[in-house]
Amino acid sequence: MTIKQALISVSDKTGIVELATTLHQFGIHIISSGGTAKLLQEAGIAVTEVSEYTNFPEMLDGRVKTLHPKIHAGILARMDLPEHNQAIQNAGISPIELVIVNLYPFVETIARADCTLEDAIENIDIGGPTLIRAAAKNYQHVTVIVDPEDYPILLTEMESGNGAVALTHRFQFAQKAFSHTARYDSAISHYLTAIDSNQQQQLFPDHLNLNFNIIQSLRYGENPHQQAAFYRDAINLPGSLANYTQLQGKELSYNNIADTDAAWECIKTFNQPACVIIKHANPCGVAIADTPLAAYKLAFATDPTSAFGGIIAFNRSVDAELAEAISKQFVEVIIAPEISLEASSILSQKPNIRVLTVPLQMQTNHYELKRVGGGLLVQTPDSLNITENQLKVVSKAQPTRQQIEDCLFAWRVAKFVKSNAIVFCAQGQTLGIGAGQMSRIDSARIASIKASQAGLSLMDSAVASDAFFPFRDGLDVVVQAGARVVIQPGGSIRDEEVIKAADEHGIVMIFTGVRHFRH
């Protein structure tokens with residue numbers, strides 16, 4: 001169906017003058033309102049204002065503009081039904097075949113620090129969503145555009161269709177339109193239902209609406225008999241894994257994505273050149289050094305066996321020398337802020353390796369979500385990084401400068417290890433990692449065994465425990481393995497017993513006052 005009449009009413013005016021100019025060249029009659037009409041008129045484009053078209057003035061400070069039967073009947077009329085055609089003809093209404101609308105900037109408004117409830121309310125669009133939904137409902141006869149990025153697609157379609165848009169594209173535009181209004185309404189719901197009786201904003205709304213856009217369907221889920229897909233948050237988070245660029249390699253799997261996210265979130269917490277190697281969602285080697293290559297060699301040395309088929313993350317660019325070293329081992333994914341051209345050339349000789357880049361930014365998700373039967377657990381991310389001035393030395397022995405640095409490094413790694421977590425470190429290198437055991441003693445023993453298998457000495461090492469030692473026996477195990485300083489949250493009813501044990505062993509014990517459970 002050839003487009004003869006269009007309604008344009010946009011808050012985001014990006015590209016609208018250029019679009020309207022082309023529509024005018026197609027001979028399309030343009031109806032517009034408010035600021036959009038003024039902008040188009042100033043550009044010399046012939047426009048009929050909504051109030052002139054409906055013969056009814058804008059009122060209530062612009063709250064009522066397009067909410068009129070002449071507008072909505074023109075959009076909603078089914079032109080394949082004779083009775084609809086007759087009804088609008090009898091009312092002197094002509095069809096509107098194109099609706100170009102985007103909405104008041106509600107999300108941008110509430111993001112401002114000085115936003116008041118009144119500001120938010122006034123930026124709730126009423127007429128816009130109504131127009132969009134009406135046009136999307138009648139997609140068989142109407143084209144609806146809500147995103148300026150779709151203007152070129154619209155014009156290409158009209159040029160190839162002699163002023164008409166194919167049904168398949170009208171349906172795709174309608175799908176996008178309904179998703180657009182759903183996200184808009186979700187933002188309003190989140191904002192308003194998080195305001196308490198004293199009109200104070202709360203962290204968690206009464207109604208949580210999730211909005212994610214599909215990135216790709218996956219071959220299968222965690223196991224081959226499961227189906228899966230990968231979605232991106234509708235609110236863009238620069239620096240998050242969902243914004244990856246894949247330079248080469250096979251398609252990412254469900255497990256690749258989960259493990260790569262664990263590696264990327266961990267690597268972002270380090271300021272020095274660092275390397276994180278992840279296997280089955282747990283770090284199996286982490287190191288910091290003067291160069292990414294040196295960090296990689298130290299991280300790999302922690303547990304070469306587990307590093308086989310792992311995910312490797314860097315917080316610096318991967319150069320040719322580093323790429324050469326990595327290519328000697330079997331790796332599933334490499335992720336870094338940048339891959340040099342020389343490194344890309346070297347890695348291309350291993351075409352199955354998935355190579356990803358993501359901008360190195362520290363933004364994190366506002367919420368962490370975990371499904372349970374019939375419900376959803378929601379929490380803020382564990383983004384707390386302990387600093388030196390927050391440490392509390394509780395032993396008689398006092399730490400050296402190196403021991404403090406080792407403890408801070410070990411503690412940062414432990415935050416990303418599944419509970420119960422025990423991490424041995426020294427000189428910016430993990431030496432042994434025990435993860436995910438039901439007993440903290442077992443995690444300590446496994447970490448010690450891992451170090452022995454890798455040929456690494458634990459003498460004079462630092463140990464981080466993600467939660468307190470409930471008894472002294474766990475401490476005895478790590479000291480017997482060679483630890484001389486232990487960092488842990490504290491908070492057990494047997495803290496005095498554990499501190500006494502540390503003093504008996506002559507080691508340093510440091511409390512953080514914070515635990516890092518990770519399930």
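Look up a bit, the structure's there.
Let me begin by describing the structure that accompanies this report.

Scoring rules and cut-offs
- Every residue gets a number counted from 1 within its own chain, in the order that chain's sequence is written.
- Since the coordinates come from a predicted model, pLDDT governs what is reported: local features require at least 70, and pairs of side-chain atoms require 80 or more to be given and counted, while whole-chain, interface and lining totals use all residues.
- Values reported for side chains reflect all heavy atoms of the structure, with hydrogen atoms and water molecules removed beforehand.
- Here a cavity is any set of points on a 1 Å grid over the protein atoms alone where a 1.4 Å probe fits but cannot get out, and a pocket is any open set with protein on both sides within 12 Å along at least 5 of 7 lines; a residue lines the site when it has an atom within 4 Å of a point.
- Grid points are joined across faces, edges and corners, and a volume is the space filled by probe spheres set on the points.
- Residue classes follow a fixed rule: Ala, Val, Leu, Ile, Met, Phe, Trp, Tyr, Cys and Pro count as nonpolar, while Asp, Glu, Lys and Arg count as charged, and any other residue, Gly among them, counts as polar.
- Only C-alpha atoms enter the line fits that serve as axes; for helices the fit covers just the stretch in contact. Angles between N-to-C directions range over 0 to 180 degrees.
- In this description a helix means any DSSP run of H or I spanning at least four residues, a strand means any run of E spanning at least two, and both kinds are numbered starting from the N terminus.
- An angle below 35 degrees is read as roughly parallel, one above 145 as roughly antiparallel, one from 65 to 115 as roughly perpendicular, and any other as oblique.
- Should the near helix be turned anticlockwise from the far one by less than a right angle, the crossing is left-handed, and should it be turned clockwise, the crossing is right-handed.
- In this analysis, two residues are considered to be in contact whenever any of their non-hydrogen atoms come within 4.5 Å of each other.
- The term salt bridge refers to a pairing of a side-chain nitrogen on Lys or Arg with a carboxyl oxygen on Asp or Glu at a separation within 4 Å.
- Each residue is assigned to one of three classes by its accessible area relative to the maximum for its type, calculated with a 1.4 Å probe on protein chains only: buried under 20%, partly exposed between the two thresholds, exposed over 50%.
- A pair of strands is labelled paired if DSSP reports no fewer than 2 bridges between them.
- Viewed with both strands pointing away, a crossover whose connecting path from the first strand over the helix to the second turns clockwise is right-handed.
- For Phe, Tyr and Trp, where Trp contributes only its six-membered ring, two rings pair if their centres lie within 6.5 Å, and the inter-plane angle classes them as stacked under 30 degrees, edge-to-face over 60, or tilted in between.
- We call a charge positioned above a ring when the Lys NZ or Arg CZ atom is no farther than 6 Å from the ring centre and deviates by at most 35 degrees from the ring normal.

1. Quick word on empty space enclosed by the protein
Next, step 1: Under the defined criterion, the tally for this structure stands at two cavities of 30 Å³ or more.
Next, step 2: Computed from the structure, the second largest cavity encloses a volume of approximately 40 Å³.
Next, step 3: If you go around the second largest cavity, the residues you meet are Met-1, Ile-3, Glu-97, His-141, Val-142, Thr-143, Val-165 and Arg-170.
Next, step 4: Here the lining of the second largest cavity is built from residues that sort into four nonpolar, two polar and two charged.

2. Description of the packing of helix α8 (residues 127–137) against helix α10 (residues 167–193)
Next, step 1: Where α8 meets α10, the closest approach of the two axes is 9 Å, and the angle between their N-to-C directions is 150°. On the basis of the axis angle, α8 is roughly antiparallel to α10. Considering how the two elements wind past one another, α8 and α10 form a crossing that is left-handed. Residue-level inspection shows Pro-129, Ile-132, Arg-133, Ala-136 and Lys-137 of α8 in contact with α10, the latter providing Ala-174, Ala-177, Phe-178, His-180, Thr-181 and Tyr-184.
Next, step 2: Across the contact of α8 with α10, the residue classes tally to seven nonpolar, two polar and two charged.

3. Section: the pattern of salt bridges
Next, step 1: Going through the model one piece at a time under the given rule, you end up with 13 salt bridges.
Next, step 2: The salt bridge partner of Asp-119 is Arg-112, with a shortest N-O separation of 3.7 Å.
Next, step 3: Classification of Asp-119 by relative accessible area gives partly exposed; the value is 26%.
Next, step 4: On the accessibility criterion, Arg-112 (40% relative accessible area) is partly exposed.
Next, step 5: The shortest N-O distance in the salt bridge between Arg-445 and Asp-442 comes to 3.9 Å.

4. Some points on the pairing of strand β12 (residues 331–336)
Next, step 1: In terms of residue burial, β12 counts as a mostly covered element, since five of its six residues are buried.
Next, step 2: In terms of strand pairing, strand β11 (residues 310–314) meets β12 through four bridges, oriented parallel. Among the inter-strand pairings, Ile-312 is bridged to a residue of β12, identified as Ile-334.
Next, step 3: One crossover worth recording links β11 to the parallel β12 by way of helix α14 (residues 320–326), and it is right-handed.
Next, step 4: As paired elements, β12 and strand β13 (residues 354–357) share four bridges and run parallel to each other. Within the sheet, the bridge partner assigned to Ile-335 lies in β13 and is Leu-356.
Next, step 5: Regarding the hand of the β-α-β motif, the stretch spanning β12, helix α15 (residues 341–347) and β13 is right-handed.

5. Focus: the sheet that holds strand β3 (residues 48–49)
Next, step 1: Sheet architecture is open: five strands sit in the order β3-β2-β1-β4-β5, paired in parallel fashion. The strands lining the two open edges of the sheet, one partner per strand, are β3 and β5 (143–145).
Next, step 2: Across the sheet, helix α1 (residues 16–25) is in contact with β1 (5–9), β2 (29–32) and β4 (98–101); its angle to β4 comes to roughly 170°.
Next, step 3: Strand contacts of helix α2 (residues 34–42): β1, β2 and β3, with the helix running at about 135° to β2, the strand carrying the most contacts.

6. Details of the packing of aromatic side chains
Next, step 1: A complete count under the given rule lists eight aromatic pairs for this structure.
Next, step 2: An angle of 45° between the planes, with centres 5.7 Å apart, marks the rings of Phe-270 and Phe-409 as tilted. Here the residue Phe-270 occupies a position in the loop between α11 (254–267) and β9 (274–279), and Phe-409 occupies one in helix α16 (residues 401–414), the gap between them amounting to 139 residues.
Next, step 3: Pairing Tyr-296 with Phe-314 gives two aromatic rings, centres 6.4 Å apart and planes at 55°, and the pair type is tilted. Highlighted residues: Tyr-296 in helix α12 (residues 292–302) and Phe-314 in strand β11, separated in sequence by 18 residues. The same class applies to Tyr-296 and to Phe-314, which are both buried.
Next, step 4: Put simply, the rings of Phe-106, Tyr-184 and Tyr-191 pair up and form one aromatic cluster.
Next, step 5: The ring of Tyr-53 carries the charged tip of Lys-70 above its face, separated from the ring centre by 4.5 Å.

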